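# Survey of secondary and tertiary structure
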Amino acid sequence: MPFEHQLLIACSRTSPSRAQSQQIVSLLDKPLDWQEFLSLANRNLVTPLVIHCLQTAGLDNLVPADVREKMRNFAKANLARNLFRQFELQKVLDALENRNIFVVILKGAALAQNVYPNESLRLYADIDLLIPRERLDAAKATMLELGYSLITDNYPVPDEQNEELGCEWTYVKQTNIIEIHWNLVDKLSPFNIDPKGLLDRAVPFKLGESMSHSLAPEDEILHLCVHQFKHHWDQLRDLCDVSELISKYETSLDWQVVLERSRQIRADKCLFYTLSLCRNILAAGVPGDVMAELESRVNTGILSRSVYDLIQKNMLAYSTPHGYWPVILVDSFSAKANIIREAIHNQTKNRGFSNQEEMNRSDTAKHSNKTLLTLNSLMDYRRMVSQLLTLII
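Note that the structure is predicted; figures quoted are calculated from it, not measured. (Residues numbered from 1 in each chain as written. Predicted model: local features only at pLDDT ≥ 70, side-chain atom pairs only at ≥ 80, totals over all residues. Heavy atoms only, no water.)

## Section: helix H13 (residues 268-282)
With 15 residues, H13 should reach 21 Å at 1.5 Å per residue; the first-to-last C-alpha distance of 20 Å fits that figure. Extensive coverage of H13 is indicated by the burial of 13 of its 15 residues. Where H13 ends, the next residue or the one after it, Ala283, has phi of about 55°, a positive value. (Helix = DSSP H or I, 4+ residues; strand = E, 2+ residues; numbered from the N terminus. Expected span 1.5 Å × (residues − 1). Buried < 20%, exposed > 50% of the residue type's maximum accessible area, 1.4 Å probe, protein only.)

What follows is the structure, given as structure tokens:
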């Protein structure tokens, strides 16, 4: 593994141990491509965490001054963004509360406040909220009254079916993006999540000067693992979330509850591979008996192990078709088909028409373009299979 990758992993934590600090010192003495290191940290959304780790260990003075200054400025800018988002979030929460809508804050906005030691350390681009399904209409009215616009074309099902098959609506106002969820996964997902149970078990935490709610730690860890499965383990930041959550609740996290709920929602494989990555890459404190129990459930065949090796090998390189890895990690044919369908949809959408002129092309031209993009996506799938065969053979 390149020295830049090793250093990034060593610094992607809030409180390095003495051994980890010694490893960082050793790596800082290696010939490093600092531009590559900065690019790697930015791409994996951990730049503020890296400079915090170096400062905590008293090692930031060993980093070139210009690199150190860039990371510090990045962290300061992220703090400003997060404070702005928190201010807007509070207004949304107050408005929803006025309509007696119970809200649970998900992922970045909650983690920045509740898990990381300061809110500059966690980058997030949008705010995710979970509400009761029966309060969805009231939430829609509230968001529109606040000046938000509803975006309905960003989900891989027809717009008119989104509310039936999907799990979220996205609202935008200027630079603010807020996703209102009524579930964590859509109906095509391989996971069987009960949103009412999540809402009932939510725990209070302090957001600014007021109290809000986040998922219970046992539910949070499962949600983060499912989220990484959905996004194909493509950023180190998301592994850091799990590792920091485990560290924060080290003495109170009920692993037996995690294992039982994992079985209930059919997330054993997802949990096993995510926790394995956290242990092997970030030295997360996952108990050995928990891993042994999960491994006994998962039946890790040669293909599954090869997919895991491929994910671990290429996570930082970001050079493989991430969208297809989960195909091997789900059991049913329908789940595999849904993953392939969504991966093709996402890739054709991301590589699609880039300007208005192209959007105005004829239906025949658009169809030809989509067909070509779909074939390119299938070639990516073939490339992944070739990489797997290389690992197996």
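## Some words on the confidence of the model for the protein
Averaged over all residues, the pLDDT of the protein is 82; the fraction at 70 or higher stands at 74%. Taken together, the stretch residues 154-161 has pLDDT below 50 and engages in 19 contacts with residues farther than four places along the chain or on a different chain. Low confidence marks residues 348-362, where pLDDT is under 50. Its contacts with residues over four positions away, or in another chain, come to 21 contacts. (pLDDT = per-residue confidence, 0-100. Contact = heavy atoms within 4.5 Å.)

## Comments concerning the pattern of salt bridges
Applying the stated criterion across every chain, the model contains 13 salt bridges. With a shortest N-O distance of 2.5 Å, Glu145 and Arg99 are connected by a salt bridge. Here Glu145, found in helix H7 (residues 136-145), pairs with Arg99, found in the loop between helix H5 (65-98) and strand S1 (104-106); they are 46 residues apart in sequence, far enough to count as distant. Looking at Glu145, the relative accessible area reads 61%, which means it is exposed. With relative accessibility at 28%, the residue Arg99 sits in the partly exposed group. The partner of Arg297 in a salt bridge is Glu293, with the nearest N and O atoms 3.0 Å apart. Here Arg297 and its partner Glu293 are both found in helix H14 (residues 288-298), four residues apart, which amounts to about one turn of the helix. A relative accessible area of 21% places Arg297 in the partly exposed class. Here the salt bridges do not stand alone but share partners, grouping Arg263, Asp268, Glu293 and Arg297 into one network. (Salt bridge = Lys/Arg side-chain N within 4 Å of Asp/Glu carboxyl O.)

## Side note on unusual backbone geometry
Within the chain, Gln174 stands out as a residue other than glycine whose phi angle is a positive 55°. Examined against the element boundaries, Gln174 turns out to sit in the loop between strand S4 (168-173) and strand S5 (176-181). Gln174 sits in the exposed class, given a relative accessible area of 72%. Despite not being glycine, Arg266 shows a phi value in the positive range, around 65°. Within the secondary structure layout, Arg266 lies in the loop between helix H12 (255-264) and H13. For Arg266, a relative accessible area of 53% puts it in the exposed group.

## Some remarks on the environment of Leu253
In this fold, Leu253 is placed in the loop between helix H11 (236-248) and H12. Put simply, Leu253 and Ile221 are 32 residues apart on the chain and 9.7 Å apart in space, counted from C-alpha to C-alpha. Ignoring sequence-local partners within four residues, the contact set of Leu253 consists of Pro217, Glu218, Ile221 and Val258.

## Here's the deal with the packing of helix H10 (residues 217-231) against H12
At a minimum axis separation of 9 Å, H10 and H12 run at an interaxial angle of 50°. Of the possible angle classes, the one that applies to H10 and H12 is oblique. In this structure, H10 meets H12 at a crossing whose hand is right-handed. Where H10 abuts H12, its residues Glu218, Asp219, Ile221 and Leu222 lie against Trp255, Val257, Val258, Arg261 and Ser262. Along the lines of polarity and charge, the residues of the contact of H10 with H12 split into five nonpolar, one polar and three charged. (Axes fitted to C-alpha atoms, helices over the stretch in contact; angles between N-to-C directions. Parallel < 35°, antiparallel > 145°, perpendicular 65-115°, else oblique. Left-handed = near helix turned anticlockwise from the far one by under 90°. Nonpolar A, V, L, I, M, F, W, Y, C, P; charged D, E, K, R; others polar.)

## Here we look at the pairing of strand S6 (residues 203-207)
Judged from the five bridges that link them, S6 and strand S7 (residues 210-214) form a sheet pairing that is antiparallel. Opposite Val203, over in S7, you have Ser214 as the bridge partner. Counting the residues in the hairpin turn of S6 and S7 gives two residues, including Gly208, whose phi is positive at 65°. (Pairing = 2+ DSSP bridges.)

## Looking at the pairing of S4
Counted residue by residue, S4 has five buried out of six residues, so it is predominantly covered. Connecting S4 to the antiparallel partner S5 that follows it, the hairpin turn spans two residues, and Gln174 within it adopts a positive phi of roughly 55°.

## Section: the packing of aromatic side chains
Here a ring pair, both rings aromatic, is described through the centre-centre distance and the interplanar angle of the planes. Enumeration over the complete set of coordinates arrives at five aromatic pairs. Measuring from centroid to centroid gives 5.4 Å for Trp34 and Phe37, while their planes differ by 80°, and the two rings are edge-to-face. Of this pair, Trp34 and Phe37 are both found in helix H3 (residues 34-43), three residues apart, which corresponds to roughly one turn of the helix. Both residues of the pair, Trp34 and Phe37, count as buried. With centroids separated by 5.9 Å and ring planes inclined at 85°, the aromatic side chains of Phe229 and Trp233 adopt a geometry described as edge-to-face. Exposure remark for Phe229: the relative accessible area of 6% places this residue in the buried category. The positively charged end of Arg81 is found above the aromatic ring belonging to Phe74, 6.0 Å away from the centroid. Sitting over the face of the ring of Tyr124, Arg85 holds its NZ or CZ atom 5.4 Å from the ring centroid. (Phe/Tyr/Trp six-rings, centres within 6.5 Å; stacked < 30°, edge-to-face > 60°. Lys NZ or Arg CZ within 6 Å of the ring centre and 35° of its normal.)

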